[in-house]
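Chain by chain, the residues:
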Amino acid sequence: MRIALLQIASPPEEAPGPRRERVGRMVAEARGADLVVLPELWAAGYFAFDSYADRAETLRGPTVEAARGWAQELNAHVHLGSIVEGDEHGHLYNTAVLIAPDGQIAHTYRKVHVFGYASREAELLTPGDALDVADTELGPLGATTCYDLRFPELWRGLVDRGAKTVVVPAAWPAARREHWRLFTTCRAVEEQVVLIACNAVGVQDGGVELGGHSRVVDAWGTVLAEAGAAEGLTFCDVDPAVVDTVRAEFPVLADRNWPMPRPVHHTNR
């Protein structure tokens, strides 16, 4: 499986329409990849909180429609990262979308853990409440988004639903880049999955610098690829069979003892 990670900058002075056109030209350079992955909320700009409502769209909106065309043109899966999705009730979500090579939506995921620290995401967006895994030509694939990396129980839920590959679009700040490296490696090892994490780059609204260093980590914890801090494409080849190999040779998932034994209550004598 050939993967293309596309790190994208979302400068405040660039409107979403021209940004989509620019990103489309970059995506076209990923020809030959089986899966192209983009970052979190790149079209709207993660830190453009005051514009979330105006830039919200549906699953038939311009970003998804553009990604459908890219997938068909490349004959590849395109994980467009995520969009600010608006529903008929006026709720806004941080929604990740996977497009199949035929242009159809193969998987969606509304971010469960919306971020509140030095961010207005938790104030403006509604958390998702569903978790599932898509059966794709690339194997069983799930998704989480950015802050979800800090919540291992969510990841174990994906594994319990059959995930062998997990895609993680992100807008992770440069100030916590070492946490990014730590959690992407840790989640891949503990869940024995191929983890594909694509982070945004550049300076966004509010002067926040995003960290880049998009990564692919296999089920052994081997870092197969890591980008730098600049906008652009990074390619990586992955053997999906590594997941079955690791799980057979080191069957930690099969060794889980859950539910946990009852707690012991000691009495004072």
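Everything numeric in this text was worked out from a predicted model, so none of it was measured.

Conventions used here
Residues numbered from 1 in each chain as written. Predicted model: local features only at pLDDT ≥ 70, side-chain atom pairs only at ≥ 80, totals over all residues. Heavy atoms only, no water. Core = buried A, V, L, I, M, F, W, Y, C linked by side-chain atoms within 4.5 Å. Buried < 20%, exposed > 50% of the residue type's maximum accessible area, 1.4 Å probe, protein only. Helix = DSSP H or I, 4+ residues; strand = E, 2+ residues; numbered from the N terminus. Contact = heavy atoms within 4.5 Å. Expected span 1.5 Å × (residues − 1). Pairing = 2+ DSSP bridges. Axes fitted to C-alpha atoms, helices over the stretch in contact; angles between N-to-C directions. Phe/Tyr/Trp six-rings, centres within 6.5 Å; stacked < 30°, edge-to-face > 60°. Lys NZ or Arg CZ within 6 Å of the ring centre and 35° of its normal.

*Asks:* In this structure, what is going on with the nonpolar core? I would like to understand it.
*Replies:* If you look at the biggest cluster of nonpolar residues, it comprises 24 residues, and the most contacted ones within it are Leu149, Trp155, Val166, Val168, Trp172 and Leu195. If you list the elements that add at least two residues to this core, you get helix 5 (152-160), strand 8 (165-170), helix 6 (177-191) and strand 9 (194-199). Beyond its immediate sequence surroundings of up to four residues, tryptophan 155 is in contact with Thr144, Asp148, Leu149, Val166, Val168, Arg187, Glu191, Val193 and Leu195. Grouped together as the second largest cluster of nonpolar side chains are 23 residues, Ala4, Ala33, Val64 and Val97 included.

*Asks:* Looking at this structure, how should I read helix 1 (residues 16-27)?
*Replies:* For an α-helix, the turn length of 3.6 residues means that residues three or four places apart are oriented alike. Taking 1.5 Å per residue as the helical rise, helix 1 with its 12 residues ought to reach 16 Å, and the 16 Å between its terminal C-alpha atoms agrees with that figure. Where helix 1 is buried, its residues touch strand 1 (2-7), helix 2 (52-55), helix 3 (62-74) and strand 14 (232-237).

*Asks:* So what exactly am I meant to see when it comes to the pairing of strand 1 here?
*Replies:* Within a regular strand, side chains alternate between the sheet's two faces. The buried fraction of strand 1 amounts to five of the six residues, a majority that puts the element mostly inside the structure. Pairing of strand 1 with strand 14, which is carried by six bridges, proceeds in the antiparallel orientation. Within the sheet, the bridge partner assigned to isoleucine 3 lies in strand 14 and is cysteine 236.

*Asks:* Please clarify how the sheet that holds strand 4 (residues 92-99) should be interpreted in this entry.
*Replies:* Across a sheet, strands are paired by hydrogen bonds formed along the backbone, either parallel or antiparallel in direction. The sheet built from six strands is open, its strands ordered 5-4-3-2-1-14 with mixed pairing. Strands at the two margins of the open sheet, each flanked by one partner only, are strand 5 (105-110) and strand 14. Adjacent strand axes in the sheet meet at a mean angle of 25 degrees, parallel and antiparallel pairs treated alike. Relative to strand 4, strand 3 (residues 77-86) runs antiparallel, the two sharing seven bridges. Bridge pairing in strand 4 places serine 82 opposite alanine 96.

*Asks:* Looking at this structure, I do not really get the packing of aromatic side chains. What am I missing?
*Replies:* Ring pairs (aromatic) are described by centroid distance and by the angle formed between their planes. For the structure on display, the rule yields 10 aromatic pairs. For the pair phenylalanine 49 and tyrosine 52, a centre-to-centre distance of 5.5 Å together with 70 degrees between the ring planes defines the contact as edge-to-face. Of the two residues examined, phenylalanine 49 and tyrosine 52, each falls in the buried class. In this structure an aromatic cluster arises from ring pairing among Tyr46, Phe47, Phe49 and Tyr52. The ring of tyrosine 93 carries arginine 110 above its face, with NZ or CZ at 3.7 Å from the centroid.

*Asks:* I'm lost on the side chain of serine 214 in this one. Help?
*Replies:* Here serine 214 shows up in the loop between strand 11 (209-211) and strand 12 (215-217). Its relative accessible area of 0% is what places serine 214 among the buried residues. When sequence neighbours within four positions are dropped, the list of residues in contact with serine 214 reads Leu5, Gln7, Trp180, Ala197, Cys198, Asn199, Ala225, Glu226 and Ala227.

*Asks:* Mind showing me how you'd approach the sheet that holds strand 8 here?
*Replies:* Taken in spatial order, the six strands make up an open sheet running 6-7-8-9-12-13, and their pairing is mixed. Each end of this open sheet is capped by a strand with a single partner; those strands are strand 6 (134-136) and strand 13 (223-226). Neighbour to neighbour, the strand axes of the sheet diverge by 20 degrees on average, direction disregarded. Bridge analysis of strand 9 against strand 12 gives three bridges, and the strand direction is antiparallel.

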